[in-house]
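Listed below are the residues making up each chain.
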Amino acid sequence: WIDIAVPKEAPGGWYRGEITVAPEGQPQTTIPLTLCVYDFEVPSAPTMRTAFGISEGHVFQQYGVERGSAQAQALLENYYWFLVEHRIAPYHIPAGVMAPEAARFLDDPRVTAFIVPYTEDETELKRRYDHVRAQGWMGKAYSYVVDEPVNEEQYARLKQVAERIHGLAPDMKLVAPYYRDPSFEGRGDVYDLLSGVVDIWCPNTGFFNAEKIAAKREAGQEIWWYVCCGPGAPYANFFVDMPGICHRVLFWQQYVMQVQGLLYWSTTYWNPNITSDPWEDIATVKDISPVIYGDGSLMYPGKQVGVDGPVSSVRLELIREGAQDYEYLRLLEAKRGRAAVLAIIGKAVTDLTNYTRSPVRLEAARRRLAEAIAE
């Protein structure tokens, strides 16, 4: 895997060079490299919002460091910035939102979203919201308290939380990802129950209702979606045993379906009760299914291979490519309109289950996008 960072000031055109690979005990090999640089810039600040979790306790355990120590803090920041460099905003910043060092993370234009931690203490909660607003961070902030509500108790809890949050800060956005309708009857579907409660609609891609989501979008509400241990094929997801194109095409689908954000529950779910070493055992959610591989794990702990920080997966690199693809789509839309973009990508990506499985075809569509942007 060869990853090349092109400097912003590099002129467009063709570049040629070579890479020498010299494995220990093996013959040296020289590989020719040809690189086409287009004469436009992908913005460093993503236009798509992301919200990816870091299971920090599992990170600390893999490295044998104590939570709260200077080593743990440095490690957490390492993982945080690693994701940001991959165009991903982690759930939490590695500091309290009230702390002076919070600005180092939240003033960075690459950080598109962060959770303001919730507390039942209304005085403290209002202090946090007022501070975030005063610092100009409210546009990035969101609250995430109840996950995947199903039963009456969970919906009641979510409504209670929403009333408290919106009473203290009407401009604070609340998200509650969902993957099904409620388990109880008589009060409508999930869209009925979450109306007036959430500000960010976030269905699982396997439960995406295009018509109802379109109505929420037209009403001016923010639309995200998410994947986790589902859905499986033919939907796109981040499982290890899926074709690589599935990790990338999700971002093309996001553009087609006009979804503004992507949420993913964890990038380092290395629960020692399930898998002690993700390098050897990537069946990370055996408690849900023993044949789901890589769910919640997009990085690997570097300690085992002498790296003081995370080691990327091919999936995470493809996710970054997909996020860059999304910027191509938005750049061309700004230049020529949405219809022109869909005319180029329509045969490659139609909806959530109809998309090309050919990397060659997807790359060809990306080249056509780049050429149209650069004209």
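Residues numbered from 1 in each chain as written. Predicted model: local features only at pLDDT ≥ 70, side-chain atom pairs only at ≥ 80, totals over all residues. Heavy atoms only, no water.

Caption draft 1: Representation of the pairing of strand 8 (residues 261-264). Alternating positions in strand 8 separate into two faces, Gly261 and Leu263 on one and Leu262 and Tyr264 on the other, with burial throughout. One ladder, built from four bridges, connects strand 3 (residues 49-52) with strand 8; its direction is parallel. Note on strand 8: the bridge partner recorded for Phe52 is Tyr264. Relative to strand 8, strand 7 (residues 222-226) is paired through three bridges, and the arrangement is parallel. The residue of strand 8 that forms the bridge with Tyr226 is Leu263. Viewed along the sheet, the connection from strand 7 through helix 8 (residues 245-256) into strand 8 turns out right-handed. (Buried < 20%, exposed > 50% of the residue type's maximum accessible area, 1.4 Å probe, protein only. Helix = DSSP H or I, 4+ residues; strand = E, 2+ residues; numbered from the N terminus. Pairing = 2+ DSSP bridges. Right-handed = clockwise from strand over helix to strand, strands pointing away.)

Caption draft 2: Expanded view of a positive patch on the surface. On the surface, a cluster of positive charge is made up of Lys347, Arg361, Arg367 and Arg368. Inspection of the secondary structure assignment puts Arg367 in helix 11 (residues 359-374). (Patch = residues over 30% accessible without salt bridge, like charges linked within 9 Å, V, L, I, M, F, W, Y side chains within 5 Å. Areas by Shrake-Rupley, 256 points an atom, 1.4 Å probe, with all protein chains shown as cover. Salt bridge = Lys/Arg side-chain N within 4 Å of Asp/Glu carboxyl O. Lys, Arg positive; Asp, Glu negative; His and termini not counted. Charge placed at Lys NZ, Arg CZ, Asp CG, Glu CD.)

Caption draft 3: Examining the pattern of salt bridges more closely. According to the stated counting rule, one finds 25 salt bridges in the structure shown. Linking Glu321 and Arg248 is a salt bridge whose minimum nitrogen-to-oxygen distance equals 3.1 Å. Residue Glu321 is located in helix 9 (residues 314-336), and its partner Arg248 is located in helix 8; the two are separated by 73 residues in the primary sequence. Looking at Glu321, the relative accessible area reads 24%, which means it is partly exposed. Judged by relative accessible area, which is 6%, Arg248 ranks as buried. Ionic pairing is found between Arg366 and Asp325, a salt bridge with its closest N-O pair at 2.3 Å. With Arg366 in helix 11 and Asp325 in helix 9, the pair connects residues that are 41 residues apart, well separated along the chain. For Arg366, a relative accessible area of 16% gives the class buried.

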